[in-house]
Amino acid sequence: MKFDTPATTNPIDRLRVVGKATDRIEGPLKTTGTAHYAYERHDVVANPAYGFVVGAAIAKGRITALDLAAAKAAPGVLAIVTADTAGKLGKGDFNTARLLGGPEIEHYHQAIAVVVAETFEQARAAAALVRVEYAREKGAFDLAALRDSAPLAPGGGFNGSPETRVGDFEGAFAAAPVTLDATYSTPVQSHAMMEPHASMAVWDGDRLTIYTSNQMIAWGKGDVAKTLGLKPEQVRLVSPYIGGGFGGKLFVRSDALMAALGARAAGRPVKVALTRPLMFNNTTHRPATIQRIRLGATKDGKLTAIAHESWSGNLPGGDPETAVGQTRLLYAGANRMTAMRLAVLDLPEGNAMRAPGEAPGMMALEIAIDEMAEKLGMDPVEFRIRNDTQVDPEKPERPFSQRQFIRCLREGAERFGWARRAAKPGSVRDGRWMVGMGMAAGFRNHIPFKSAARVRLERDGRIVVETDMTDIGTGSYTIIAQTAAETMGVPLDRVEVRLGDSAFPVSCGSGGQFGAVNSTSGVYAACLKLRDAVAQKLGINSSDALFADGHVKAGNRSVDLTEAAREGPLTGEDGIEYGDLGKKYQQSTFAGHFVEAAVDAATGEIRVRRMLAVCAAGRILNPKSARSQVIGAMTMGVGAALMEELAVDTRFGFFVNHDLAGYEVPVHADIPHQEVIFLDEVDPMTSPMKAKGVGELGICGVGAAVANAVYNATGVRVRDYPVTLDKHLDRLPTLA
Amino acid sequence: MRPFTYERATSAGDAAARVARTPGAKFIAGGTNLLDLMKIEVETPAHLIDVNGLGLDRIEPTAEGGLRIGALVRNTDLAADKRVRRDYALLSRALVAGASGQLRNKATTAGNLLQRTRCPYFYDTNQPCNKRQPGSGCAAIGGYSRPLGVIGVSEACIATHPSDMAIAMRALDALVETVRADGSIRTIPIVDLHTLPGTTPHIETTLGKGEFITAVTLPRPIDGTHIYHKVRDRASYAFALVSVGAIVRKDGGGRIAIGGIAPKPWRVEAAEAEMPRGAKAVASRLLAGATPTRENAFKLTLVERTLDAVLAQARA
């Protein structure tokens, strides 16, 4: 189905199932431990051996000697694979560094060997006996030191344009009566999902099946094939349940390759899970950024000049953190420029993490806006409203499809009690706590992404949906079932959803908050095909047929849907593809994020007290799972604001605090109260579902809202994330 | 994890003797720290002697009016004990400020005292660490040192002792009872249990080979307001940046021990004399001779400000 004109009234608009708060249909499997995750596929793989990954001990250099004798002789060892014995390997399109290093080492903890043994403990013990000698080379590990020499980043694809200019920024900035020129930084962050990267590989002759934990099955299948020199049809990826990804599982990682290589060498199935201390340096992370923002405004608060420059680093061939993208679209202003520069760093591979670019970019931009509002003596909500735009500021002929930004802010301010905020920072006390309120815009774009599915009406009346879409904890199963139930006119419990198998039609996958709307649109398209097949079978004109209550109705005739499958199942297969509505209309999601924070006047400790997000994100397919997505993202935003940082050792070139004791993420006690409100919105420009996404909208802006609340509490501005107590302690009021 | 042999001890004396005579032997109780370290081969015992069955899990009154806490009393049980909550609130509060509920259920009193540092370089066997591998150097100095020590540290090691419980016990002047390999018993004032790193950071206590902690004794309760104030980056389940364990009498005097800043619970009795004069006076005595890094110099300010909050709370 080609979607190239705005959606009109369609079966989804009945909203009998779609739009209703619905429990996860796979919930009982998860709560009873019967949803099988990759490392636990004992239901389909008998007697797997265990692989343990050995990570490089240096950041850059070469292996000069590799002694495997002791490891090979250790009890239970079946095979050891290194770059010397792996055979010729390619590199996946979505990988920057090779997944198996050696003799060249590209980053710390790059995999250099997999040790396969009968038990996990034997594999781990033997892995520790692998003796490696290295010749270290000098590497570049310090982004700040490379800031002045970093060239413009490569453009294209998800990177967008490395440099943009509209009007005369420099002239307007110089002429502006009120200006801000400030530099912000965001640290390296880790996805820190609950389930580690894990895979179980099974060879059948020259055909390979990998049970894995991966957000993007088709990308993964292609990259496994390319890396191993196989044809895509020789590779099958299966990933029905995923214990969190946040972008860390968009790509094939070393667990999958090492399981495949280990299984080939051992001649039996092998499973590999990355250990937590290895994950932080072996896999990908959100790169650190340095961001300079310059704003110019008239005295009455109209922005006239907006510049946002960002520096990040990555391995050679890697991409920048696209932190300036949202600044191109969020506020009006005639003169603007953005630039992204990219340094070469020999740290582990930087790549996508929840709202890549947007999240750190908004962390900086929305502090800058708060600072500018203060300079202007304006309320931060009113300042944002004054600079709203209903069109793409770079291309005024291109409107937003929907932009309820102002309503998000107004309704948020009203519900949060924003009027009670003291404009003067550092002026509210509650016992030993200094209390403040802050807010920020939430803003994340919708990405159209083609997505296919197959839908089958079984003899018993069940509707079975198959697509390689994944559910990374987001609720894909449920919204896909809702979509099929709505379109086919059956109750939810008659729909069975099968996901995450490369044998199924290729979906959009899970990422970039594009999963929900695109995958359900693909399922909708396939359902329409199935409706045609049903109508034809029943001798009903398809355009007259009404699918409802488990029946197909046309005129006076009403037939049980199951009748159509009496002679055998009927199948509809199709996908959604998009025309140029995304070019004609900027399709985005908006939020107002509001935070109350308290700062211990003595210790400087920061604790969030309450949070509110008011979101406008198109039709909300399942308010229950959508809310879960947003509160999870808000929680991650608090982590980004207050604690999450992978500490870089700029001498040895690695992330030092590489476990969950050292890399702190929020715990329940850090998140006392969260509220989420979805504004009524349908966006017919996006898709037949008229939905957008929420999973990343929920994090965009949260960090700044927290930082702004902390500033409002203390009067001390911190521009270097995370905002930890040591960064404002010496500027807090002296003690009595 | 290296392969190891395992046996259960039959008595405390037996356990001490066996560890002393068996190469590479270690005690195991709750295992909340040791097993993690074994998995990454920071600890590589050849033999484990399980002491969980020794029955040292009672909390009993002493003739002197104190409490004798068995070495195997779990942190959860110790924190919840009515007498501890009533008479040694500082200890109870310090315990519940530490780790997580699950860990406290397993962790033992003696094991808590003997837990290893949380310096991230200690945990990464690719990095030099004088504590883990004597003579290899200290990667933390000049590296990521924000969570590490500012006083009592040396040019060989800036690791901290991570325990919350030990801070309270230091303020309470607890006594550590042990049995040695030869069967003799002795009592070690807690101040003398942990050593400073100097040039030998791999040596962390004054315990002899095989010497086994059987109990920790608390002297008679000390009057005053018991406060444990732990400062950290998140609200729960985090090691202290700084913690203050204090007992403040009505006259403003009392005791203070500090966590998160040193290789052992940090208490300077001379500083306690300054308590009536306020946090600044106390802190300047407590922290005299501190050698912070650029990343953790904030801890000096933080100690003073936390002390100030604690003294204010005691006055309130």
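Take the overall build of chain A next. Each helix and strand counted, chain A has 16 helices and 32 strands in total. The C-alpha atoms of chain A give a radius of gyration of 27 Å, which matches the 27 Å a tight globule of 736 residues would have. Seen through its principal axes, chain A has C-alpha atoms that stretch 80 × 75 × 50 Å. Considering chain A as a whole, with its 736 residues, one finds that 64% of them fall into the buried category. Long-range contacts, defined as pairs at least 24 residues apart, comprise 81% of the intrachain contacts of chain A with a sequence gap of at least 6.

Residues and elements named next belong to chain A. You can read the domains of chain A as domain 1 (2-35 + 449-577), domain 2 (39-136 + 210-272) and domain 3 (379-446 + 579-736). Of note, the centres of domain 2 and domain 3, computed from C-alpha atoms alone, are 38 Å apart. Listed by partner, the interface residues are five residues for domain 2 and five residues for domain 3. Taking both partners together, domain 2 and domain 3 bury about 380 Å²; carbon and sulfur atoms supply 74% of that area. On the domain 2 side of the contact with domain 3, A59, Y108 and F246 bury the most area, a combined 72% of that side's loss. Our enumeration of links across domain 2 and domain 3 arrives at zero salt bridges. Joining domain 2 to domain 3, the criterion identifies zero residue pairs in polar contact (both at pLDDT 80 or more).

Two orientations exist for strands paired in a sheet by backbone hydrogen bonds: parallel and antiparallel. All names here are of chain A. Strand order in the open sheet made by the five strands is β8-β16-β15-β14-β9, with mixed pairing throughout. Each edge of the open sheet carries a strand with a single partner, namely β8 (163-166) and β9 (178-186). The mean inter-strand angle of the sheet, taken between neighbouring strand axes irrespective of direction, is 10°. With eight bridges connecting them, strand β14 (residues 289-297) and strand β15 (residues 303-314) associate as antiparallel partners. Considered in β15, the bridge of I293 is made with H308. Most of the contacts of helix α9 (residues 358-376) go to β9, to which it runs at about 150°, and overall it touches β9, β14 and β15.

On to the pairing of strand β8 (residues 212-218) of chain B, then. Residue and element names in this part refer to chain B. Burial within β8 is extensive, with seven of its seven residues counted as buried. Alignment of strand β5 (residues 67-70) against β8, held across four bridges, turns out to be antiparallel. The partner of I69 across the bridge, within β8, is V216. Pairing geometry for strand β6 (residues 175-179) and β8, over five bridges, is antiparallel. Pairing of V176 across the sheet is with V216, part of β8.

We now examine the packing of aromatic side chains. All names here are of chain A. According to the stated counting rule, one finds 21 aromatic pairs over all chains in the structure shown. Aromatic side chains F94 and F251 sit 6.1 Å apart centroid to centroid with 15° between the ring planes, which places their arrangement in the stacked category. On the criterion of sequence distance, the pair formed by F94 in the loop between β4 (77-82) and β5 (104-105) and F251 in the loop between β12 (235-238) and α7 (254-266) is long-range, its members being 157 residues apart. An aromatic cluster is built from Y331, F400, F405, F443 and F590, whose rings are joined through pairwise contacts. When the ring centre of F400 is taken as origin, the NZ or CZ atom of R403, which lies over that ring, is 4.7 Å away. Note that R717 overlies the ring of Y711, its terminal NZ or CZ placed 3.9 Å from the centroid.

Moving on, we come to the pattern of salt bridges. Residues and elements named next belong to chain A. The full count for this structure, using the stated rule, is 79 salt bridges over all chains. In this structure, the salt-bridge partner of E366 is R384, at a minimum N-O distance of 2.6 Å. Separated by 18 residues along the polypeptide, E366 in helix α9 and R384 in helix α10 (residues 380-386) bring together distant segments of the chain. Ionic pairing is found between E382 and R410, a salt bridge with its closest N-O pair at 2.8 Å. Separated by 28 residues along the polypeptide, E382 in helix α10 and R410 in helix α11 (residues 405-416) bring together distant segments of the chain. A relative accessible area of 43% places R410 in the partly exposed class. Linked through salt bridges whose partners overlap, the residues forming this network are R454, R456, E458, D460, R462, E466, E496, R498 and E573.

Below, the discussion takes up the side chain of A:Q513. All names here are of chain A. Looking at where Q513 falls in the secondary structure, it is placed in the loop between β23 (495-498) and α13 (515-538). Here the side chain of Q513 touches G695 through a polar contact of 3.4 Å, landing on its backbone nitrogen. One polar contact links the side chain of Q513 to the main-chain amide nitrogen of L697, over a distance of 2.8 Å. Among all residues touching Q513, those that are not within four sequence positions of it are R444, N445, T589, G693, V694, G695, E696 and L697.

All names here are of chain B. Summarising the element assignment, A16 is placed in helix α1 (residues 12-21). Spatially, the C-alpha atoms of A16 and A94 are 29 Å apart, while their sequence positions differ by 78 residues. Not counting residues up to four positions away in its chain, the partners in contact with A16 are F27, V179, R180, A181, G210 and F212.

Definitions and cut-offs
- Residues numbered from 1 in each chain as written.
- Chains lettered and ligands numbered in written order.
- Predicted model: local features only at pLDDT ≥ 70, side-chain atom pairs only at ≥ 80, totals over all residues.
- Heavy atoms only, no water.
- Helix = DSSP H or I, 4+ residues; strand = E, 2+ residues; numbered from the N terminus.
- Rg over C-alpha atoms; globule rule 2.2 N^0.38 Å.
- Buried < 20%, exposed > 50% of the residue type's maximum accessible area, 1.4 Å probe, protein only.
- Contact = heavy atoms within 4.5 Å.
- Domains from an automatic or database assignment.
- Buried area = accessible area lost by both parts, 1.4 Å probe.
- Salt bridge = Lys/Arg side-chain N within 4 Å of Asp/Glu carboxyl O.
- Polar contact = N/O pair within 3.5 Å; in protein donor to acceptor, adjacent residues only side chain to side chain.
- Pairing = 2+ DSSP bridges.
- Axes fitted to C-alpha atoms, helices over the stretch in contact; angles between N-to-C directions.
- Phe/Tyr/Trp six-rings, centres within 6.5 Å; stacked < 30°, edge-to-face > 60°.
- Lys NZ or Arg CZ within 6 Å of the ring centre and 35° of its normal.

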